[in-house]
Amino acid sequence: MPEIHRTPELGGELVHDWRELVAADPDGSWFAGPDWVLAWWRTLGAGQPGEVAVWRGPDGRAEAVLPLGAARLRVHRRAPVEVPVLTLLGAGPGAADHCGPTARPHRRAEVAAWLADRARRETLWLPNLDPAHTGLPPAGARPVARTACPRADLAAGPDRLGSRDFRAANRRAHRRLAAAGVDFHWLPPTAARPDLLDELLRLHRLRRAAAAGGASSFGADRLPLHRLLVQGSAPGCGPAFQLARRGDEVVGVLYGFRWADRFAYYQTGWDPRFAADSLGTALVDAAIRNCAAEGVRTFDFLRGAEPYKYRFGAVDRTDTGWLRPRGPGGALLGLKHRLANGS
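Okay, so let's go over this structure. These numbers were taken from a predicted model, which means no experiment stands behind them.

### Observations regarding the pattern of salt bridges
- Considering all chains together, one arrives at 28 salt bridges under this definition.
- Ionic pairing is found between Arg289 and Asp159, a salt bridge with its closest N-O pair at 2.9 Å. Here Arg289, found in helix H7 (residues 279-293), pairs with Asp159, found in the loop between strand E7 (142-153) and helix H4 (164-179); they are 130 residues apart in sequence, far enough to count as distant.
- Between Arg193 and Asp195 there is a salt bridge whose closest N-O contact spans 3.3 Å.

Next comes the structure, spelled out in structure tokens:
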């Protein structure tokens with residue numbers, strides 16, 4: 001049986017073991033690790049009941065970690081009906097991808113069996129579950145949502161990504177931007193101050209407004225989470241930034257998370273004055289090149305099938321949302337998803 005922790009204030013040794021599990025797992029996700037989950041629980045999930053189940057090996061080190069939380073899901077945005085669910089802690093607001101437990105292979109079946117027993121009387125919602133965890137949903141769970149999460153393999157080097165014409169277009173964009181006085185700076189984990197997030201939000205809003213992109217889920221209410229992530233970063237692990245500057249002015253920010261040999265590209269913002277010079281694409285190109293230089297092998301674009309991601313040679317990895325309903329509320333959630341899927 002696992003030990004259960006019901007507070008985000010975990011001991012340093014457990015946090016270290018959990019982080020090592022994520023780094024050692026070729027399918028490990030930043031969003032399934034302690035940095036994201038615990039910071040999320042302290043900020044966006046403050047006050048939400050949660051538990052972190054931990055399985056330890058004979059040497060006392062953690063071999064599997066499953067963070068769970070109690071949440072309420074709205075049946076429809078216009079209806080004030082909410083259904084209680086057991087879900088993955090750290091999912092929900094904040095946009096976490098590739099969710100799931102972190103476990104050594106020999107522990108995965110045990111974690112799945114324990115979850116089935118833990119959730120036997122509750123509606124279980126497993127959002128954005130990474131395909132590595134297809135054995136986690138218990139009997140009766142059904143896939144109800146799928147999300148494409150493109151990723152680029154950097155093993156062959158950034159000069160092999162995309163078509164020859166696309167790479168040539170990127171080189172021309174960098175020359176135009178250099179002529180306009182724009183240069184690029186990479187800030188690895190621990191090198192950035194939290195106030196850089198304010199610049200990211202400002203530029204993100206400018207870009208959205210110029211593109212008539214409507215509302216974005218990345219707003220000021222998300223900043224406490226990300227400030228905590230920046231403050232807690234460690235060398236080689238945590239938030240990293242690709243900046244574009246013109247003199248002392250920040251005109252572009254790409255923000256994501258580095259760990260092990262992976263980078264997750266989370267959010268961006270750039271000055272629309274440089275749209276004709278392809279600043280947004282150049283930011284991504286510069287980030288990919290800097291990541292490759294630091295030994296990153298996977299550049300994860302996260303959710304969304306925007307065409308530009310595939311121009312960088314990205315290939316889909318598909319996350320799945322699983323629902324196992326219980327009671328009338330669970331039946332309503334199941335109906336909601338069947339209607340959304342046209343089934």
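Read on for the rest.
### Observations regarding unusual backbone geometry
- Despite not being glycine, His98 shows a phi value in the positive range, around 55°.
- With respect to the helices and strands, the residue His98 is situated in the loop between strand E4 (79-88) and strand E5 (102-103).
- One non-glycine residue with positive phi stands out, namely Ala260, at about 50°.
- One can find Ala260 in the loop between strand E10 (249-259) and strand E11 (262-270).

### Quick look at the nonpolar core
- The biggest cluster of nonpolar side chains holds 63 residues, and the ones touching the most others in it are Trp36, Leu66 and Phe241.
- At six residues, the largest contribution of residues to this core is made by helix H2 (residues 34-42).
- When neighbours within four sequence positions are excluded, Phe241 is seen to be in contact with His185, Trp186, Leu187, Ala192, Leu196, Leu197, Val230, Val253, Leu254 and Tyr255.
- Listed in part, the 18 residues of the second largest apolar core include Leu161, Tyr265, Phe301 and Ala314.

### Quick look at the packing of helix H1 (residues 12-24) against H2
- Contact geometry for H1 and H2: axes closest at 9 Å, N-to-C directions at 125°. The orientation of H1 relative to H2 falls into the category oblique. Within the contact between the two elements, H1 uses Val15, Trp18 and Arg19 and H2 uses Pro34, Asp35, Val37 and Leu38.
- A class-by-class count of the residues in the contact of H1 with H2 yields five nonpolar, no polar and two charged.

### A short note on H7
- Compared with an ideal rise of 1.5 Å per residue, which puts 15 residues at 21 Å, H7 spans 21 Å between its outermost C-alpha atoms and is within 8% of the ideal.
- Residues of H7 that are buried include every one of Leu279, Gly280, Ala282, Leu283, Val284, Asp285, Ala286, Ala287, Ile288 and Cys291, and no others.
- Gly295 occupies a position one or two residues after H7 and carries a positive phi of about 95°.

### Describing the pairing of E11
- The element E11 is extensively covered by neighbouring structure, given that nine of its nine residues are classed as buried.
- Where E10 meets E11, eight bridges bridge the pair, whose relative direction is antiparallel. Among the inter-strand pairings, Gly252 is bridged to a residue of E11, identified as Trp270.
- Hairpin geometry of E10 and E11 is characterised by an intervening segment of two residues between the two adjacent antiparallel strands and by a positive phi of about 50° at Ala260.
- As judged from the three bridges shared by E11 and strand E12 (residues 298-300), these two strands associate in the parallel manner. Opposite Ala264, over in E12, you have Asp300 as the bridge partner.
- Tracing the backbone out of E11, into H7 and back to the parallel element E12 gives a crossover that is right-handed.

### Focus: the packing of aromatic side chains
- Summed over all chains, the structure comprises 20 aromatic pairs.
- Here Phe166 and Phe312 contribute two aromatic rings whose centre-to-centre distance is 4.9 Å and whose plane-to-plane angle is 90°, an arrangement assigned as edge-to-face. In this pair, Phe166 sits in helix H4 while Phe312 sits in the loop between helix H8 (307-311) and strand E13 (315-324), placing the two residues 146 residues apart along the sequence.
- A centroid spacing of 6.5 Å and a plane angle of 75° characterise the contact between Phe218 and Tyr266, whose relative ring orientation is edge-to-face. Residue Phe218 is found in the loop between helix H5 (196-210) and helix H6 (223-231), and its partner Tyr266 is found in strand E11; the two are separated by 48 residues along the sequence. Each member of the pair, Phe218 as well as Tyr266, carries the same accessibility label: buried.
- Taken together, Trp30, Phe31, Trp36, Phe218, Phe241, Tyr255, Phe257 and Tyr266 form an aromatic cluster joined through their ring pairs.

### Quick word on the pairing of strand E3 (residues 62-76)
- As defined by bridge partners, strand E2 (residues 50-56) adjoins E3 across seven bridges and the pair is classed as antiparallel. Bridge pairing in E3 places Ala53 opposite Leu66.
- Between the antiparallel neighbours E2 and E3 lie five residues, among them Gly60 with a positive phi of about 90°.
- Here E3 pairs with E5 via two bridges, running antiparallel. Across the sheet, residue Val65 finds its bridge partner in E5, namely Thr102.

### A look at a nonpolar patch on the surface
- On the surface, a nonpolar cluster with roughly 340 Å² of combined accessible area is contributed by Val81, Leu332, Leu335 and Leu339.
- At three residues, helix H9 (residues 327-340) tops the list of elements feeding residues into the nonpolar patch.
- Tracing the chain through its elements places Leu335 in helix H9.
- The class for Leu335 is partly exposed, based on a relative accessible area of 38%.

Calculation criteria
- Residues numbered from 1 in each chain as written.
- Predicted model: local features only at pLDDT ≥ 70, side-chain atom pairs only at ≥ 80, totals over all residues.
- Heavy atoms only, no water.
- Salt bridge = Lys/Arg side-chain N within 4 Å of Asp/Glu carboxyl O.
- Helix = DSSP H or I, 4+ residues; strand = E, 2+ residues; numbered from the N terminus.
- Core = buried A, V, L, I, M, F, W, Y, C linked by side-chain atoms within 4.5 Å.
- Buried < 20%, exposed > 50% of the residue type's maximum accessible area, 1.4 Å probe, protein only.
- Contact = heavy atoms within 4.5 Å.
- Axes fitted to C-alpha atoms, helices over the stretch in contact; angles between N-to-C directions.
- Parallel < 35°, antiparallel > 145°, perpendicular 65-115°, else oblique.
- Nonpolar A, V, L, I, M, F, W, Y, C, P; charged D, E, K, R; others polar.
- Expected span 1.5 Å × (residues − 1).
- Pairing = 2+ DSSP bridges.
- Right-handed = clockwise from strand over helix to strand, strands pointing away.
- Phe/Tyr/Trp six-rings, centres within 6.5 Å; stacked < 30°, edge-to-face > 60°.
- Patch = residues over 30% accessible without salt bridge, like charges linked within 9 Å, V, L, I, M, F, W, Y side chains within 5 Å.
- Areas by Shrake-Rupley, 256 points an atom, 1.4 Å probe, with all protein chains shown as cover.

Nothing here speaks to function; it is all geometry.
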